[in-house]
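For reference, the chains in residue letters:
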Amino acid sequence: MNNFTFFAPTRLVFGKGTIGNLATLVPQNARVLMIYGGGSIRKNGVYEQVTKALNGRTVFEFGGIQPNPLYETCMQAAELGKKESVDFLLAVGGGSVLDGVKFIAAAMRFPASDPWDILAKGAEVASAVPLGTVLTLPATGSESNSFSVMSRKSTSEKLAFSAEAVIPRFAILDPQTTFTLPAKQTRNGVVDAFVHVMEQYATYSVNTPLQDRQAEAILTTLVEEGPRLLAGPNDYDTRANIMWCATQALNTLIGCGVAQDWATHMIGHELTALYGLDHAETLAIVLPQLLRHQKQTKAARLDQMAKRVWGITAGSAESRIEAGIVRMVEFFESLGMPTRLAAYKIAPADAAAKVSKRFVDRGTTLGEHQDLTPDRVAAILKDC
Ligand code: NZQ
Ligand code: ZN
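Conventions used here
Each chain carries its own residue numbering, running from 1 in the direction its sequence is written. The naming scheme follows written order: chains are lettered A onward, ligands numbered 1 onward. Given that this is a predicted model, residues contribute local features only at a pLDDT of at least 70 and side-chain atom pairs are listed and counted only at 80 or more, while totals for whole chains, interfaces and linings are drawn from all residues. Derived side-chain values reflect all non-hydrogen atoms in the structure, with water molecules and hydrogen atoms excluded from consideration. Counting from the N terminus, the helices are DSSP H or I runs at least four residues long and the strands are E runs at least two residues long. Only protein chains enter the accessibility calculation, which uses a 1.4 Å probe; a residue whose area is less than 20% of its type maximum is buried, one above 50% is exposed, and one in between is partly exposed. For each residue, the test is whether any non-hydrogen atom lies within 4 Å of the molecule or strand; if one does, the residue is near. For the purposes of these results, a polar contact is taken to be a pair of N or O atoms within 3.5 Å, where, inside protein, one atom must be able to donate a hydrogen and its partner to accept one; residues adjacent in sequence count only when each atom of the pair is a side-chain atom. Only the protein chains shown count as cover for residues, and the accessible areas themselves come from Shrake-Rupley with a 1.4 Å probe. Each metal site is built from N, O and S donor atoms within 2.8 Å (3.2 Å for Na, K and Ca), and since water is not included, such sites may look incomplete. When checking whether two residues touch, look at their non-hydrogen atoms; a contact exists if any pair is within 4.5 Å. Only buried residues count toward a nonpolar core. Its members are Ala, Val, Leu, Ile, Met, Phe, Trp, Tyr and Cys residues joined through side-chain atoms within 4.5 Å. For the purpose of counting charges, residues Lys and Arg are taken to be positive, whereas Asp and Glu are taken to be negative. His and the chain ends are not included. The term salt bridge refers to a side-chain nitrogen of Lys or Arg lying within 4 Å of a carboxyl oxygen of Asp or Glu. A helix is expected to reach a length of 1.5 Å times the quantity of its residues less one. Strands pair, by our definition, only if DSSP identifies at least two bridges between them. For helices, the axis comes from a line fit to the C-alpha atoms of the stretch in contact; other axes are also lines fit to C-alpha atoms, and the angle between any two N-to-C directions lies between 0 and 180 degrees. Between 65 and 115 degrees an angle is taken as roughly perpendicular, under 35 as roughly parallel, over 145 as roughly antiparallel, and anywhere else as oblique. Helix crossings fall into two classes, left-handed where the near helix is turned counterclockwise from the far one by less than a right angle and right-handed where it is turned clockwise. Each residue gets one of three labels, nonpolar for Ala, Val, Leu, Ile, Met, Phe, Trp, Tyr, Cys and Pro, charged for Asp, Glu, Lys and Arg, and polar for the others, Gly among them.

Peer 1: How should I be thinking about unusual backbone geometry in this particular structure?
Peer 2: Note on backbone geometry: most residues besides glycine have negative phi, and most peptide bonds are trans. Phi is positive for N207, which is not a glycine, with a value near 60 degrees. With respect to the helices, strands and loops of the structure, N207 is situated in the loop between helix 7 (183-201) and helix 8 (209-231). For K345, which is not glycine, the phi torsion reads 55 degrees and is therefore positive. Within the secondary structure, K345 is located in the loop between helix 13 (317-334) and helix 14 (348-362). The exposure class of K345 is exposed, given its relative accessible area of 79%.

Peer 1: I would appreciate a short explanation of the site of ligand 1 in the present structure.
Peer 2: Near ligand 1 lie 32 residues; those nearest to it are G38, S40, S96, K158 and H196. Here S96 contributes a side-chain N or O atom positioned 2.5 Å from an oxygen atom of ligand 1. Here an oxygen atom of ligand 1 and a side-chain polar atom of H279 are 3.0 Å apart. Look at ligand 1: alone it shows 960 Å² of surface, and the protein chains cover 89% of it. The set of elements that each furnish at least two residues to the shell around ligand 1 consists of helix 5 (95-108), strand 6 (147-152), helix 7 and helix 10 (263-275).

Peer 1: I tried to follow the coordination of the zinc ion (ligand 2) on my own but got confused; where do I start?
Peer 2: For a metal with four donors in a tetrahedral arrangement, the ideal angle between donors is 109.5 degrees, while six donors in an octahedron ideally sit at 90 or 180 degrees. For the zinc ion (ligand 2), the protein coordination sphere consists of D192 (OD), H196 (NE2), H265 (NE2) and H279 (NE2), at 2.0 to 2.1 Å. Look at where the donors of the zinc ion (ligand 2) fall in the sequence and you get D-x3-H-x68-H-x13-H. Of this pair, H196 sits in helix 7 while H279 sits in helix 11 (residues 279-293); the two residues are 83 residues apart in sequence, bridging distant segments of the chain. Residue H279 is classed as buried on the basis of its relative accessible area, which comes to 16%.

Peer 1: Sorry, what's going on with the environment of F103 here?
Peer 2: Along the polypeptide, F103 turns up in helix 5. Those residues in contact with F103 that lie beyond four places of it in its chain are Y71, C74, M75, P115, W116, I118, L119, S148, M150 and F161.

Peer 1: In this structure, what is going on with the nonpolar core? I would like to understand it.
Peer 2: Across soluble globular proteins, nonpolar side chains have a tendency to be buried as a group. Grouped together as the largest cluster of nonpolar side chains are 57 residues, with contacts concentrated most on F194, M198, I267, L291, F332 and L381. Those residues in contact with L381 that sit more than four places away from it in its chain are I267, L271, V286, L341, P348, A351, A352 and V355. Membership of the second largest hydrophobic core comes to 38 residues, among which are F62, L98, L119 and V166.

Peer 1: Would you explain the side chain of E143 in this entry?
Peer 2: Along the chain, E143 turns up in the loop between strand 5 (131-135) and strand 6. Although buried, E143 forms no salt bridge, and the nearest oppositely charged side chain, K102, lies 7.3 Å from it. In terms of polar contacts, E143 uses its side chain to reach the side chain of T247, at 2.5 Å. Ignoring anything within four residues of it in the chain, the contact list for E143 reads T10, L98, T133, L135, P168, A171, L173 and T247.

Peer 1: Would you mind showing me how to read helix 7 here?
Peer 2: One full turn of an α-helix is made of 3.6 residues, so residues set three or four places apart face in the same direction. Here helix 7 contains 19 residues, and its C-alpha end-to-end distance of 27 Å stays within 8% of the 27 Å for a straight helix at 1.5 Å per residue. For helix 7, a buried count of 16 out of 19 residues is recorded, marking the element as mostly surrounded by other parts of the structure.

Peer 1: Would you explain the sheet that holds strand 8 (residues 170-173) in this entry?
Peer 2: Hydrogen bonds between backbone groups are what pair the strands of a sheet, and the pairing can be parallel or antiparallel. Read from one edge to the other, the open sheet built from 6 strands follows the order 1-8-5-4-2-3, with strand pairing classed as parallel. Strands at the two margins of the open sheet, each flanked by one partner only, are strand 1 (11-14) and strand 3 (58-62). Mean inter-strand twist for the sheet, computed between neighbouring axes without regard to direction, equals 20 degrees. The pairing of strand 5 with strand 8 spans 3 bridges and is parallel. What sits directly across from V134, in strand 8, is I172.

Peer 1: Could you clarify how one ought to interpret the packing of helix 8 against helix 12 (residues 299-308) in this entry?
Peer 2: The packing of two helices is summarised by the inter-axis angle and the distance between the axes. Where helix 8 meets helix 12, the axes come as close as 11 Å, and the angle between the chain directions of the two elements is 50 degrees. Judged by the angle between their axes, helix 8 and helix 12 are oblique. Handedness of the helix 8/helix 12 crossing: right-handed. Judged by residue contacts, D212, R213, E216 and L219 of helix 8 engage R301, Q304, M305 and R308 from helix 12. By residue class, the composition of the contact of helix 8 with helix 12 is 2 nonpolar, 1 polar and 5 charged.

That is the geometry; function is a separate question.
In structure tokens form, the structure reads like this:
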């Protein structure tokens, strides 16, 4: 097992009617900036629940954080926060709102001129305004991790940062808030969580039987509960199970001491930046072909997954691995998630050329062995 530090300071408050807990979770004398997205929370009663729980506090509001949150918009929120001297940020929404608020929290305290340096140059986030979250879309794990992914309209870039200072103080997880998710977003969430586990699991063994089984437990649960959720979106227990899976998929616990990949995510971010696909849509396209290209170095893990997650025990290791990848593709497709660029009328050769050029320009190599050079990324995308 590799060395690791596990730091998970977020208080998770899970279940029906838990938004009312904001009354005690948000500091009493705080000047709060409540930040949300395009308006879903105004249609499903979440906005009312939040404002009621914050009654009596000084609360400012900023709405309009876009999916794939834009730097340009978040800088406006940071300006408002500074102007009103707010000292607590409350994110209410999906991963995009949460990620945007993490960036705003860092930008408000960033000493240099342009906070974009946090993303483009890896500038240090020494401090951030404290933040809490009310999650309405289980998918990213952003509610209890240190990561944020930001997009910049003017340059069509999508870049990530990680900082301890932006880990949420608390996350309210009320599965009832997810009943209003469109099927597309529900599906996206299941696939994103599944791929988060894969990035931390489908690599090579460093003898971590506990983490392996924790990862397999999440994968197996998603495979069981995902189709159930799409068939019965109003079932509370299924919503709750998916929500808890998504949090655990990227709260960094299963990643302790193991080799991690994240190439699918890095390639996917470029596809979102270049073509506007949803985050999870990019992952469902890239992961199957990436696994096929990398099946030599990932063989032991993929065979273990074929046996333990898909129950494939017959045949050779090679045939089990391929059958497991086919089962994964069928699982994605069964949720209504396309797995080919053609579904979005994108030519694989075009994606291969554009994405690999960006990686050449940035000197990026990817994967748990850092063996995915821009050329090899291009080869993967040509097969997508
Ligand atoms: O903006 P509103 O009106 O709220 O609508 C949103 C948005 O249009 C809607 N929605 C959210 N909750 C809803 C709802 N509609 C009805 N009922 C509800 N309860 O759903 C749409 C998509 O929301 P978004 O937040 O964009 O989705 P998601 O949670 O999938 O977040 C995606 C973003 O997170 C990043 C992605 O790259 C992408 O930018 N990620 C963040 C990670 C992290 N911080 O750890 C890791 C991930 O790998 C990912 O990269
Ligand atoms: Zn993801």
